[in-house]
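This is what each chain is made of:
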Amino acid sequence: MTVIGSLEAIGRGARESDAAKTRLAIGAARAGLKNAKDALLKTLDAELAVWESKLDVIFSEPAGREGMSRHAGYWKEKLENSI
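Not measured: the values here are computed from a predicted model.

### Concerning the packing of aromatic side chains
Part 1 of the reasoning: Throughout the structure, instances matching the rule amount to 1 aromatic pair.
Part 2 of the reasoning: Each ring, one from Tyr74 and one from Trp75, has its centre 5.9 Å from the other, and the planes form 75 degrees; the classification is edge-to-face.
Part 3 of the reasoning: On the basis of relative accessible area, Tyr74 is assigned to the partly exposed category, the value being 41%.
Part 4 of the reasoning: Here the guanidinium or amino end of Lys78 rests over the ring plane of Trp75, the centre of that ring lying 6.0 Å away.

### Comments concerning the pattern of salt bridges
Part 1 of the reasoning: One pass over the structure, following the stated rule, counts 7 salt bridges.
Part 2 of the reasoning: Of the charged contacts, one joins Glu66 and Arg70 as a salt bridge, the two residues approaching to 2.9 Å between their closest N and O atoms. Of the two residues, Glu66 and Arg70 are both situated in helix H5 (residues 62-82); the distance of 4 residues between them amounts to about one turn of the helix.
Part 3 of the reasoning: For Glu80, the salt bridge goes to Lys76, with nearest N and O atoms at 3.2 Å. Within this pair, Glu80 and its partner Lys76 are both found in helix H5, separated by 4 residues, close to a single helical turn.
Part 4 of the reasoning: Under the relative-accessibility criterion, Glu80 is labelled partly exposed at 37%.
Part 5 of the reasoning: The structure contains a network of salt bridges with shared partners spanning Glu8, Lys76 and Glu80.

What counts as what
- Residues numbered from 1 in each chain as written.
- Predicted model: local features only at pLDDT ≥ 70, side-chain atom pairs only at ≥ 80, totals over all residues.
- Heavy atoms only, no water.
- Phe/Tyr/Trp six-rings, centres within 6.5 Å; stacked < 30°, edge-to-face > 60°.
- Buried < 20%, exposed > 50% of the residue type's maximum accessible area, 1.4 Å probe, protein only.
- Lys NZ or Arg CZ within 6 Å of the ring centre and 35° of its normal.
- Salt bridge = Lys/Arg side-chain N within 4 Å of Asp/Glu carboxyl O.
- Helix = DSSP H or I, 4+ residues; strand = E, 2+ residues; numbered from the N terminus.

Structural data, given as structure tokens:
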């Protein structure tokens, strides 16, 4: 799965309140960014690390899930526009 595909899966998982699916998608995205040298990609990886570590807190509130879904969409668009 590509990083963009993983971001789409993160957004879907958050909308569906599926923490397991979201956790897997975050892991896949981070794996795709493992050797990233670009500053934008490093920033995305850092944000994904925060999401991963705080996923239980994010998923405990509807606003957290909605925010994660929207932010995953933001990153998807940002990456698509930078290609």
